[in-house]
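One letter stands for each residue in the lines below.
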Amino acid sequence: QLMMEERRTVTALLLLVLGHLTTALEVPLDLSQPPTITHQSPKDYIIDPRENIIIHCEAKGKPHPSFSWTRDGTHFDIDHLSNVNMKQRSGTLVVDIRNDKAEHYEGTYQCTARNDHGTALSHNIVVRQSRSPLWSKEKIKPIVVQEGVPLVLPCRPPAGLPPPIIFWMDNSKRVSQSLNGDLYFSNVLRADSRNDYICYARFPHTQTIQQKQPITVKVLNPFYNDTDLFKEPTDERRPTFLTPSGQSSSKVVLRGQVLEMECIAEGLPTPEISWTKVSGELPAERTSYLHYQKTLRIVNVSEADAGEYRCIARNELGSVHQTIHVAVKAAPYWISGSPKNLILAPGENGALTCRASGTPKPAISWAMNGVPIESNRRVDDDTIIFTNVQTGSSAVYQCNVSNEYGYLLSNAFVNVLSEPPRVLTPAHHVYQVIKNHQALLDCSSFGSPIPEITWFKDSRASTLDGEPYKIHDNGTLEIHGSQTRHNGKYTCVAKNMLGISENHVYLEVKEPTRILKQPEYKVVQRGRDAVFECKVKHDPTLIPTMTWLKDDDELPDDERLVVDSDSLTITDVTDSDAGVYTCIMNTTLDQDSASAELTVLPDAPTDLELTEQKKRSVQLTWTPGDEHNSPIEKFIIQYEDSLHHKGHWHNLTQVSGMKTTAHLKLSPFTHYTFRVLALNGVGLSRPSLPSRMYKTDPAAPDVNPADVHGFGTEHDNLVISWKPLTANQSNGPGLYYRVMWRQKGVESDWTAVPVRNASKFVVSGTPTFAPYELKVQALNDHGAGPEPDVAHGYSGEDLPLAAPDNVQVQVISSTQAAVHWDAVPAKLLRGHLKGYKVYYWKERGLHKHNHHHEEKQILTFGGNHTHGKLPGLHPFSLYSCHVRVFNGKGEGPPSPIQPFETDEGVPGAPSSLVITDSNVDSLTLEWSPPHDRNGHITGYTLKYHPGKAIAINNVTKDTTISFVHTRYKFYLNAKTKIGAGPPISQEARNCLNRACFTLSPAVASRQVDIATQGWFIGLMCAIALLILILLIICFIQRNKGGKYPERGCHTDPEFQPMKEEDCTFGEYSDNEDHKPLKGSRTPSNGTVKREDSDDSLVDYGEGGDGQFNEDGSFIGQYSGKSGCRDNPEGPRAQRRPPLSMP
């Protein structure tokens, strides 16, 4: 129990002292302090045997510490060793091995630094001499193998310190080196026969290379079989692994180290290797492959890299895989850094924490001034608790964290001091920062107890805290997004119980440096000038420096490059000037930069020459210009025809950039001049100088006009048109055309006429719409062109002679009908069939009151259609239609008119619904029949439901009276035998106190403020008394089991909860049972009087049947009486309001 209490006390105390686990303080060296190790040799210290041994150990403290050493756990007495010295004011050992051997000083060393306040220890330094032994002399027998089989050449290097780096001079997909240094052949070839396979070992510490005796390999011909030592020739085979062996293997790697796994397979053809991680994804940014994918390498290994890896060897005959299980262990490592020095004032509490991890979990041990601390209540695993420390209790504590893979040793002192604050930051320091950037004003201080830091600005009106200011734990003041208003003097104040110290610094906020006009991309030709502008704005108090770079390097030392204050000029541009130019404007606080590229166009080709001159061709040669580091992709050859298009250049052809000649095909009767342009990745060069003129002789045309067509503009003509030849196609002077035609299907000769300077010819007197064969041939003064192709056309069209026969209409629905007809014979069309047009119109409605007549509508059906549908028809109507055929000239005569009637449909909404004669308990409805009856009206349906009651409060200074209203909404629709149409609605509202009346949607209201009238107050009192008497009577009758009208026990619908069935409409129809409403009658004056039936459906708001005339008259009177009925759950607590007004 006592141990548990102590444990809780330590834990609670730990929480109290966590405030001291902030940023470690540096104790000024003029104050007393325990030793601190500042520099030491590495744990594994390999020395060069040719040089003196230097083992480092440096420390600081006040007073300055003294040093001593242990070797292999015992005191190392250097006073008796003449060749071992310790540096002045240092613990560093220097061993002179000129007359001794380095190996005599191998061992484990540890340095101790001590003064009056404590003792600090270095980690163990294992000193070993580097070794690079020679290979043992051995005679290696030649290795003889058959072609195609696998082979392994062993290396077996001598053990060195550190281990040597092994390499062979052979490395390919088929031949590669393993991690142990052996050379693997997946299959051998005859070309592998050599006598100089050498394994090399490089020892990095001594920078020496040793080599093994050469190995001789002889690869036999597959048919060599003089001895039983060799097998038959090896055929192609699927892969098998040479290393690792078996189907799976395992590997252990330490956290932070490099994981290397290999899979080397043999097979024929040579297998390819691929890798996957079975238990996750490979870390792409830390993964690489060596030796043609045979080695997988992962750097900076973490625990997440543990798991199963699979390598797959695959060739054309199959595949095989190997699974490698990787376990990640970890030597101890700090979680949040090594323990920090602790500075406490007398009477304070504190803690040292040694937070580390590893795999397996490391053990933690503590020592004070090098002496192990036995477990006590001050030590809580990785933490030592200090309470109420006193002057003179300063010491150095060592934390040792270890597991089987390594250890960590850290020193941290506890220094007990009483010191007033001192600010260590230089006084009156000026901080400069760019506007909108972060400003950090330093206030480094020391004191014990730790001083509290506060900041003030200018007049010290208030401390600086909150946006945009933030004071960090080390005292630094951060100003987020500095502005000009933040300029000024800042005061840092450090204060503890022993005193106060302050320091003044200054902040200047500067305008940022900005490039206003950036250099622009330039494309220039060689010999021209290029100017890059770079205009900059900067803070006037800062000194700017403009620097220009070319391709991220200094500008070449060339007088052609002239740098001004805001520009760079490059005169007489050469190909070497191409590149990216960057202007950088630097100040002491910031910089801005911008870049632009200079591209030099290729030079124009030169020395154009015409050779192999023929009537229709010529060969052009040229000399390419300088391509300026961008290969020429193609040459473009252009020509000018000074005879027909002088001053216009046209593309003729293009050739590869590798060629300097082109064979050009030419046209007759043309005066050619040529030029050449070069194109590379940058752009087009300037054109070359023109070649000399080359004239070709005239000749007969090579082609005839294209796009020959025949059509008619009148019913008795034929227009023949064509696309005329260009000047280059004419091939000579005197171009004209021979136009020829003849009627198709009639035996006749070709008629031909010459036509000049035109592109069409009109033949008159032709039959209507007759087919013709057409030809147009080109001719000039030097002959006729080739025989032209035959084109086809028709003479002019005329209106069709006949109408479609057998037109029939089939009514599909009340709004749609289908029309069918027979096609008009082709001989009667007299033109190209374009389609059929159906004309239809409404004659009238079939209802006796409807005599509407509509204009004709037209539907066009293209092509050879013989049927179609007529949409959007009016129901219950008489329609007429006829059909016409039309061609390119127009429409033919109409077919006989075909009448048809559409079916009945649902009617439209009634034209009107009006509420008249609205009394306290009755009303009259009147309506007009629908405008669109769409059939015989068979009756009307009336639906209604009570709306929400509305309360209107009239307030006077003496009293407040509420008027409760009941609202009813009516829906009326007409019916035909097809069904009911859309409804028309009307709303009625009647005030219970008869003081107001509203009719919707035409709202007329009348309200009288009678709340203050004496007669009204008396009336209300009488009504209240009457209601009380009625309630008493209802209660008595209920107890006797009698049945009374509902009026006496009806509650306000406004305050009754609605059930789902309460939204049911009352419904009236004249075609359900054709009986009058129960409890109502239909007098001749059109009103329905109430009768004395308490069981009327009207009484319950469920509706009933009514009698209607076709003209839409309806008069109904609805009684408000209803009985309070029982249900299986007991007496009803709520009722639908009656249709009558209470």
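Rules and cut-offs
Residues numbered from 1 in each chain as written. Predicted model: local features only at pLDDT ≥ 70, side-chain atom pairs only at ≥ 80, totals over all residues. Heavy atoms only, no water. Helix = DSSP H or I, 4+ residues; strand = E, 2+ residues; numbered from the N terminus. Buried < 20%, exposed > 50% of the residue type's maximum accessible area, 1.4 Å probe, protein only. Areas by Shrake-Rupley, 256 points an atom, 1.4 Å probe, with all protein chains shown as cover. Core = buried A, V, L, I, M, F, W, Y, C linked by side-chain atoms within 4.5 Å. Contact = heavy atoms within 4.5 Å. Pairing = 2+ DSSP bridges. Axes fitted to C-alpha atoms, helices over the stretch in contact; angles between N-to-C directions. Phe/Tyr/Trp six-rings, centres within 6.5 Å; stacked < 30°, edge-to-face > 60°. Lys NZ or Arg CZ within 6 Å of the ring centre and 35° of its normal. Salt bridge = Lys/Arg side-chain N within 4 Å of Asp/Glu carboxyl O. Patch = residues over 30% accessible without salt bridge, like charges linked within 9 Å, V, L, I, M, F, W, Y side chains within 5 Å. UniProt positions renumbered as here; feature names shortened; annotations may be inferred. Lys, Arg positive; Asp, Glu negative; His and termini not counted. Polar contact = N/O pair within 3.5 Å; in protein donor to acceptor, adjacent residues only side chain to side chain. Disulfide = S-S within 2.5 Å. pLDDT = per-residue confidence, 0-100.

Some words on the overall build of the protein
Then, number 1: Each helix and strand counted, the protein has three helices and 90 strands in total.
Then, number 2: Among the 1142 residues that make up the protein, the fraction classed as buried is 44%.
Then, number 3: Carbon and sulfur atoms make up 50% of the accessible area of the protein, which totals about 60400 Å².

Points about the nonpolar core
Then, number 1: Membership of the largest hydrophobic core comes to 30 residues, with the highest contact counts inside it found for Ile53, Ile55 and Trp69.
Then, number 2: Among the elements of the structure, strand E2 (44–47), strand E3 (53–55), strand E4 (57–62), strand E5 (66–71), strand E8 (93–95), strand E9 (107–115) and strand E11 (125–129) are those that each provide at least two residues to this core.
Then, number 3: Not counting the four nearest positions on each side in its chain, isoleucine 53 is found in contact with Ile47, Leu93, Val94, Val95, Ile97, Ala102 and Tyr105.

Looking at the sheet that holds strand E78 (residues 877–887)
In sheet architecture, strand pairing relies on hydrogen bonds along the backbone and comes in two forms, parallel and antiparallel.
Then, number 1: As summarised here, the arrangement of the four strands in space is E76-E75-E78-E79, forming an open sheet in which the pairing is antiparallel. In this open sheet, the two strands that pair with only one neighbour each are strand E76 (857–862) and strand E79 (898–901). When the angles between neighbouring strand axes are averaged without regard to direction, this sheet yields 25°.
Then, number 2: Of the pairings in the sheet, the one linking strand E75 (residues 833–845) to E76 comprises six bridges and is antiparallel in character. Bridged to tyrosine 836 within E76 is phenylalanine 861.

Re the packing of aromatic side chains
Then, number 1: A full pass over the atoms with the stated rule returns 16 aromatic pairs.
Then, number 2: Seen in terms of ring centroids, phenylalanine 185 and tyrosine 197 are 5.8 Å apart; in terms of plane orientation they differ by 80°. Their pairing is edge-to-face. Highlighted residues: phenylalanine 185 in strand E16 (residues 183–185) and tyrosine 197 in strand E17 (residues 194–197), separated in sequence by twelve residues.
Then, number 3: You can call tyrosine 197 buried: its relative accessible area is 1%.
Then, number 4: Seen in terms of ring centroids, tryptophan 821 and phenylalanine 861 are 5.9 Å apart; in terms of plane orientation they differ by 50°. Their pairing is tilted. Remark: phenylalanine 861 occurs in strand E76 and tryptophan 821 occurs in the loop between strand E74 (816–820) and E75; sequence separation between them is 40 residues. Each member of the pair, tryptophan 821 together with phenylalanine 861, is buried.
Then, number 5: Over the ring of tryptophan 649 we find arginine 675; its NZ or CZ atom is 4.3 Å from the centre of that ring.

Comments concerning the sheet that holds E17
Then, number 1: Taken together, three strands build an open sheet; the order of strands is E12-E20-E17 and the sheet is mixed. Looking at the sheet topology across the chains shown, the edges are occupied by strand E12 (143–146) and E17. The mean angle between the axes of side-by-side strands here comes to 30°, regardless of whether they run parallel or antiparallel.
Then, number 2: Note that E12 and strand E20 (residues 215–220) share four bridges and pair parallel. Considered in E20, the bridge of glutamine 146 is made with leucine 220.

Let's talk about the pattern of salt bridges
Then, number 1: Applying the stated criterion to the full structure yields 30 salt bridges.
Then, number 2: A salt bridge links aspartate 196 to arginine 194, with the nearest nitrogen and oxygen atoms 2.8 Å apart.
Then, number 3: The exposure class of arginine 194 is partly exposed, given its relative accessible area of 28%.
Then, number 4: Across the pair glutamate 508 and lysine 510 runs a salt bridge, and its minimum N-O distance is 3.2 Å.
Then, number 5: Here lysine 510 falls in the buried class, since its relative accessible area comes to 8%.
Then, number 6: Each of the salt bridges in this network shares a partner with another, and the network as a whole consists of Asp170, Arg194 and Asp196.

Some words on a nonpolar patch on the surface
Then, number 1: Together, Leu1025, Leu1026, Leu1028, Ile1029, Leu1030, Ile1032, Ile1033, Phe1035 and Ile1036 make up a nonpolar patch on the protein surface, roughly 840 Å² of accessible area in all.
Then, number 2: You can see phenylalanine 1035 is positioned in helix H3 (residues 1014–1040).
Then, number 3: Judged by its relative accessible area of 55%, phenylalanine 1035 falls in the exposed class.

Considerations on the UniProt feature "transmembrane region" (unreviewed entry) in the protein
Then, number 1: As recorded in UniProt, the sites labelled "transmembrane region" (unreviewed entry) are residues 1015–1036.
Then, number 2: Counted over residues 1015–1036, helix gives 100% and strand 0%. Its end C-alpha atoms are 32 Å apart.

Remarks on the side chain of lysine 212
Then, number 1: Looking at where lysine 212 falls in the secondary structure, it is placed in the loop between strand E19 (208–211) and E20.
Then, number 2: With no salt bridge to any partner, buried lysine 212 finds its closest opposite charge in glutamate 138, at an N-O distance of 4.0 Å.
Then, number 3: At 3.1 Å, the side chain of lysine 212 and the backbone oxygen of proline 154 are in polar contact.
Then, number 4: Not counting residues up to four positions away in its chain, the partners in contact with lysine 212 are Trp135, Glu138, Ile140, Pro154, Cys155, Ile198 and Cys199.

Points about the state of the cysteines
Then, number 1: As enumerated under the stated definition, the model contains six disulfides in all.
Then, number 2: Here cysteine 443 engages in a disulfide with cysteine 492; their sulfurs sit 1.6 Å apart. Separated by 49 residues along the polypeptide, cysteine 443 in the loop between strand E41 (439–441) and strand E42 (445–448) and cysteine 492 in strand E46 (residues 488–496) bring together distant segments of the chain. Across the pair, exposure class does not vary: cysteine 443 and cysteine 492 are buried alike.
Then, number 3: Paired through a disulfide, cysteine 534 and cysteine 583 show a sulfur-sulfur distance of 2.0 Å.

What to know about unusual backbone geometry
Excluding glycine, most residues fall at negative phi; most peptide bonds, likewise, are trans.
Then, number 1: The amide bond that connects threonine 243 to the next residue, proline 244, takes the cis arrangement and shows omega of -5°.
Then, number 2: With an omega of 0°, the peptide bond between glutamate 467 and proline 468 qualifies as cis.
Then, number 3: For proline 468, the position within the fold is in the loop between strand E43 (452–457) and strand E44 (469–471).
Then, number 4: Its identity is not glycine, yet aspartate 72 carries a phi of approximately 55°, on the positive side.
Then, number 5: Residue position: aspartate 72 is located in the loop between E5 and strand E6 (74–75).
Then, number 6: Located in the positive-phi region is aspartate 707, a residue other than glycine, with phi close to 55°.
Then, number 7: Looking at where aspartate 707 falls in the secondary structure, it is placed in strand E65 (residues 706–711).

Some remarks on the pairing of strand E28 (residues 307–315)
Then, number 1: As judged from the six bridges shared by strand E25 (residues 272–277) and E28, these two strands associate in the antiparallel manner. The partner of tryptophan 275 across the bridge, within E28, is cysteine 311.
Then, number 2: Sheet analysis places E28 next to strand E29 (residues 318–334), joined by nine bridges and oriented antiparallel. Note that in E29 the partner of glutamate 308 across the bridge is histidine 325.
Then, number 3: The hairpin turn running from E28 into E29, its antiparallel successor, is two residues long.

Points about the confidence of the model for the protein
Then, number 1: Across the protein, pLDDT averages 82, with 82% of residues at or above 70.
Then, number 2: Across residues 1041–1142 the pLDDT falls below 50, and counting only partners more than four positions away or on other chains, this stretch makes 221 contacts in the model.

Thoughts on the environment of lysine 975
Then, number 1: Its place among the elements puts lysine 975 in strand E84 (residues 960–975).
Then, number 2: A C-alpha to C-alpha distance of 9.6 Å links lysine 975 and alanine 909, two positions 66 residues apart in sequence.

Topic: the environment of glycine 831
Then, number 1: Residue position: glycine 831 is located in the loop between E74 and E75.
Then, number 2: The class for glycine 831 is buried, based on a relative accessible area of 7%.
Then, number 3: Between the C-alpha atom of glycine 831 and that of leucine 799, which follows or precedes it by 32 residues, the distance is 7.6 Å.
Then, number 4: Not counting residues up to four positions away in its chain, the partners in contact with glycine 831 are Phe769, Glu797 and Asn887.

Some remarks on the environment of alanine 113
Then, number 1: Within the element layout of this structure, alanine 113 appears in strand E9.
Then, number 2: Take alanine 113: its relative accessible area is 0%, and that puts it in the buried class.
Then, number 3: Sequence separation between alanine 113 and proline 35 is 78 residues, and the spatial gap between their C-alpha atoms is 6.3 Å.
Then, number 4: Look past the residues within four positions of alanine 113 in its chain and what remains in contact with it is Pro35, Ile37, Ala59, Pro65, Ser66, Phe67, Gly118, Thr119 and Ala120.

Regarding the side chain of threonine 491
Then, number 1: Counting through the fold element by element, threonine 491 comes out in strand E46.
Then, number 2: Look at threonine 491 and you get buried, because its relative accessible area is 2%.
Then, number 3: Leaving out residues up to four positions away in the same chain, threonine 491 has contacts with Thr454, Trp455, Phe456, Arg460, Glu502, Asn503 and His504.

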